[in-house]
Amino acid sequence: LWDIPTEGKHAGKPIRLMIVDDHMVMRMGLAYAASAQPDIQVVAEVESGEEAIEAYRTHTPDVVILDLRMPGLSGIETIRALRQEFRDARIVIFSNYARGEEIYQAMKAGAAGFVVKNMDLAQLLDAIRKVHAGERCLPPDLAIRMSERILSPLSERETEVLALIAKGRSNKEIASTLSVTEGTVKLHVTNILTKLEVNTRTEALVVAVQRGIIDIV
């Protein structure tokens, strides 16, 4: 799966690692690559957020590698659940998806690192070691994407509205989803167009995706 780099020397206890990914091949590849490191020991492999919480209780790993998009409990929800029950949980996101909004939400929820799956394996191993040492690890290009999202002119509610527009929802459907009036939704839409300096919803979606404010799957 990868060319596997290894650290030459190792002293002390190995980093106890748990891998959470719903794709079996990816999970097996990660376990194989991590186990080849003299300073890393894989203590658990699971395929869902629900299983991750149970496995954490059993194995208390030092670092968790977590996929962001999984069926059932999402990666973001899993981070929140782990951090709520285990305040010191150290989590590295390992995902195919890394738009500004996703990076922002993951780090806001309590992740300590974020690595994209198409990066070199060495970057993931480096993230595991840094996070274990108490550092945060966010590659420069991902940090830029997150900063662009943080600097978004839209409020949290306006971002929610725009994400629902991206899903093809009407004002009436958005109002029902957010438990607000249709007039409130129209006001949010007007504010979104003004803040993004565009004239139509379609233009707003294009600008928002380009700036990492929302993600369209």
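Refer to the structure presented above.
Residues numbered from 1 in each chain as written. Predicted model: local features only at pLDDT ≥ 70, side-chain atom pairs only at ≥ 80, totals over all residues. Heavy atoms only, no water.

## So, empty space enclosed by the protein
Line of reasoning, step 1. Considering all chains together, one arrives at one cavity of 30 Å³ or more under this definition.
Line of reasoning, step 2. Space inside the largest cavity adds up to approximately 50 Å³.
Line of reasoning, step 3. Around the largest cavity sit Leu17, Ile19, Leu30, Ala33, Ala34, Ile65, Leu121, Leu124, Leu125 and Ile128, which together line it.
Line of reasoning, step 4. When residues of the lining of the largest cavity are traced back to their parent elements, those giving at least two are strand 1 (15-20), helix 1 (24-35) and helix 5 (121-132).
Line of reasoning, step 5. Considering each element in turn, the lining of the largest cavity owes the most residues, four residues, to helix 5.
Line of reasoning, step 6. Taken together, the residues of the lining of the largest cavity sort by class into 10 nonpolar, no polar and no charged. (1 Å grid on protein atoms, 1.4 Å probe; cavity = no way out; pocket = protein on both sides within 12 Å on 5 of 7 lines; lining within 4 Å. Points joined across faces, edges and corners; volume = space filled by probe spheres on them. Helix = DSSP H or I, 4+ residues; strand = E, 2+ residues; numbered from the N terminus. Nonpolar A, V, L, I, M, F, W, Y, C, P; charged D, E, K, R; others polar.)

## Overview of the pairing of strand 3 (residues 63-66)
Line of reasoning, step 1. Here strand 3 shows no split at all, with Val63 and Ile65 on one side and Val64 and Leu66 on the other all buried.
Line of reasoning, step 2. Bridge count for strand 1 against strand 3 is four bridges, and the pairing is parallel. If you follow Val20 over to strand 3, its bridge partner there is Leu66.
Line of reasoning, step 3. Examined bridge by bridge, strand 3 and strand 4 (residues 91-95) share three bridges and lie parallel to one another. (Buried < 20%, exposed > 50% of the residue type's maximum accessible area, 1.4 Å probe, protein only. Pairing = 2+ DSSP bridges.)

## Re the packing of helix 7 (residues 156-166) against helix 8 (residues 171-178)
Helix packing for two helices is described by the angle between their axes and how far apart those axes are.
Line of reasoning, step 1. At a minimum axis separation of 10 Å, helix 7 and helix 8 run at an interaxial angle of 130°. What the angle tells us is that helix 7 and helix 8 run oblique. The way helix 7 lies across helix 8 gives a crossing that is right-handed. Listed contacts from helix 8 to Arg157, Glu160, Val161, Leu164 and Ile165 of helix 7 are Ile174, Thr177 and Leu178.
Line of reasoning, step 2. In terms of residue class, the contact of helix 7 with helix 8 is built from five nonpolar, one polar and two charged. (Axes fitted to C-alpha atoms, helices over the stretch in contact; angles between N-to-C directions. Parallel < 35°, antiparallel > 145°, perpendicular 65-115°, else oblique. Left-handed = near helix turned anticlockwise from the far one by under 90°. Contact = heavy atoms within 4.5 Å.)

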